[in-house]
Amino acid sequence: MFVKELPEWLQTRLPNLTNLDWEARENEIFGVFAEKNAAYSYQQILHALRTTSYNHIFKYAVEKLLKAFNGWSKS
Amino acid sequence: MKIASAFLKELPLVDHAVLYGSSYLKKPLIGVDSSAQVDLILAVKDPLDWHKQNLKTNPKHYSSVCQSEGPEFIVDSVSKAAGIHYNPFVYFEGKRFKYGVISVQDLCEDLRNWKTLYMAGRFQKPKLALVEDKRVTIAQQKNLRMALAVGMLTLPEVTTEEDLFFRISSISYVGDNRIEDPSKVRNIVKGNIDKFLDMYLPMIKDFGGFDIDNGAVEVICK
């Protein structure tokens, strides 16, 4: 019943979901999401680079680096 | 959040507005960070017209590139991406804001079909609606239903509500290289279980197929 709730394009792309166990379904479904998220986050970065001034890009990059440093040092 | 509502009055009219991110979500053991940037998503009928008006009333919200190139440039550029244009580093009454503007049509399409997942993912986590458009609210119901289905299909038959909401929150983060903190998603869920339940519980009851009780989730039929 849960498969029928998924977007149609995802059901078409992954027609065998009902035959898989939950771990295999996780790999399949999240593999598709990873692809999509990577593609559109890249497109949005390109849009931001086209429309943002250099000082904003610099400020954003510094903040991301600091957050990454804090995040990785805690993990 | 009063300051966010006051900020909206500085902008041209919007059809739908939500507050999300660190100024709304609690961090485990800390609570809401009152110094955090205020993040907003604004859906408008006609982004070209909206940016035209906003460039006149709030030119400083835009980068020098957008100010010189104009609203057509913004709308054309964003149409090649996920449809949302962000104005970052905007200050209002001493607070920092970042707001994204998207068309109602593009937002609804993503909520209903996960065309880009870019907006749908943000709408799968708790947020506060400041202005509501019925079309967005209806499309959002579909988005939450699909997210729940993914959660139930990718977890064992007996699990916890924390794992369910973690799985749902991961939909929009997996594969996104910009995520800076590996514990970010888990922390969002841990600090905001109550908000996730408010958001998903009515849908869970309506959905059927599984039970959620006292932190445990059990699938009855798949």
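Since we're looking at a predicted model, the values are computed, not measured.

What counts and what doesn't
- Residues numbered from 1 in each chain as written.
- Chains lettered and ligands numbered in written order.
- Predicted model: local features only at pLDDT ≥ 70, side-chain atom pairs only at ≥ 80, totals over all residues.
- Helix = DSSP H or I, 4+ residues; strand = E, 2+ residues; numbered from the N terminus.
- Rg over C-alpha atoms; globule rule 2.2 N^0.38 Å.
- Buried ≥ 20, exposed ≤ 12 C-beta atoms within 10 Å, placed from the backbone.
- Contact = placed C-beta atoms within 7 Å.
- Nonpolar A, V, L, I, M, F, W, Y, C, P; charged D, E, K, R; others polar.
- Pairing = 2+ DSSP bridges.
- Axes fitted to C-alpha atoms, helices over the stretch in contact; angles between N-to-C directions.
- Core = buried A, V, L, I, M, F, W, Y, C linked by C-beta atoms within 7 Å.
- Parallel < 35°, antiparallel > 145°, perpendicular 65-115°, else oblique.
- Left-handed = near helix turned anticlockwise from the far one by under 90°.
- pLDDT = per-residue confidence, 0-100.

(A) Main features of the overall build of chain A. The helix and strand tally for chain A stands at three helices and zero strands. Taken from N to C terminus, the helices and strands of chain A fall in the order α-α-α. By the compact-globule yardstick of 11 Å for 75 residues, chain A is too spread out, its C-alpha radius of gyration being 18 Å. Along the first, second and third principal axes, the C-alpha set of chain A runs to 50 × 35 × 15 Å.

(B) The arrangement of the overall build of chain B in detail. In terms of regular secondary structure, chain B is built from 10 helices and eight strands. Whereas a compact globule of 222 residues would reach a radius of gyration of roughly 17 Å, chain B reaches 18 Å, a difference of no more than 12%. Projected onto its principal axes, the C-alpha positions of chain B cover 55 × 35 × 30 Å. A total of 222 residues make up chain B; the buried ones form 44% of that total. Put simply, 61% of the contacts in chain B that link residues at least 6 apart link residues at least 24 apart.

(C) Focus on the interface of chain B and chain A. Each partner contributes residues to the interface: chain B has 43 residues there, and chain A has 38 residues. Looking at the side of chain B that touches chain A, the elements that each hand over two or more residues are helix H3 (64-69), helix H4 (71-79), strand E3 (85-92) and helix H7 (134-153) of chain B. Split into classes, the residues belonging to the side of chain B that touches chain A amount to 23 nonpolar, 12 polar and eight charged.

(D) Representation of the sheet that holds E3 of chain B within the structure. Residues and elements named next belong to chain B. The strand order across the open sheet formed by five strands is E3-E4-E2-E1-E5, and the pairing between neighbours is mixed. A single partner strand is all that each edge strand has here, and the edge strands are E3 and strand E5 (128-131). Between one strand and the next, the sheet's axes are offset by a mean angle of 25 degrees, whatever the strand orientation. Here strand E2 (residues 38-44) runs beside strand E4 (residues 95-103); their pairing, made up of seven bridges, is parallel.

(E) Main features of the environment of Ile138 of chain B. Note on placement: Ile138 of chain B falls in helix H7. In this structure the C-alpha to C-alpha distance between Ile138 of chain B and Leu111 of chain B, which are 27 residues apart in sequence, comes to 9.2 Å.

(F) Examining helix H5 (residues 104-113) of chain B more closely. Residues and elements named next belong to chain B. Along H5, the positions that sit buried rather than exposed are Asp106, Leu107, Cys108, Asp110 and Leu111. The inward-facing, buried residues of H5 abut E2, E4, helix H6 (118-122) and H7. Note on H5: the residue one or two positions beyond its end, Trp114, has a positive phi of about 55 degrees.

(G) Looking closely at the nonpolar core. Residue and element names in this part refer to chain B. Counting residues in each nonpolar core, the largest one holds 69 residues, and the members touching the most others are Leu40, Leu42, Ala43, Ile84, Met119, Ala149 and Val150. If one sorts the elements of this core by residue count, H7 sits on top with 10 residues. Leave out the neighbours within four places in its chain, and Leu42 touches Val14, Ala17, Tyr99, Gly100 and Val101.

(H) Layout of unusual backbone geometry. Residue and element names in this part refer to chain B. One non-glycine residue with positive phi stands out, namely Phe89, at about 55 degrees. Looking at the element boundaries, Phe89 is found in strand E3. Phe89 sits in the partly exposed class, given 18 other C-beta atoms within 10 Å. In this model, Glu93 sits at a positive phi of 45 degrees, which is unusual for a non-glycine residue. With respect to the secondary-structure elements, Glu93 resides in the loop between E3 and E4.

(I) Focus on the packing of helix H2 (residues 47-57) of chain B against H4 of chain B. All names here are of chain B. At their nearest, the axes of H2 and H4 sit 9 Å apart, and the two run at 140 degrees to each other. In terms of orientation, H2 and H4 fall into the oblique class. The handedness of the crossing between H2 and H4 is right-handed. Across the interface between the two elements, Pro47, Leu48, His51, Lys52 and Leu55 from H2 touch Pro71, Glu72, Ile74 and Val75 from H4. Classifying every residue of the contact of H2 with H4 gives six nonpolar, one polar and two charged.

(J) The confidence of the model for chain B, seen in detail. Summing up the model confidence of chain B, the mean pLDDT is 91 and the portion of residues at 70 or higher is 95%. Two summary scores accompany this predicted model of the complex, namely pTM at 0.89 and ipTM at 0.86.

(K) Broad picture of the packing of helix H2 (residues 22-51) of chain A against H4 of chain B. Interhelical geometry of H2 of chain A versus H4 of chain B gives an angle of 160 degrees and a closest axis separation of 9 Å. For the element pair H2 of chain A / H4 of chain B, the angle class is roughly antiparallel. Two packed elements cross with a definite hand, and for H2 of chain A against H4 of chain B that hand is right-handed. In contact with His47, Arg50 and Thr51 of chain A of H2 of chain A, H4 of chain B contributes Ile74, Ser77 and Val78 of chain B. Residue classes in the contact of H2 of chain A with H4 of chain B are distributed as two nonpolar, three polar and one charged.

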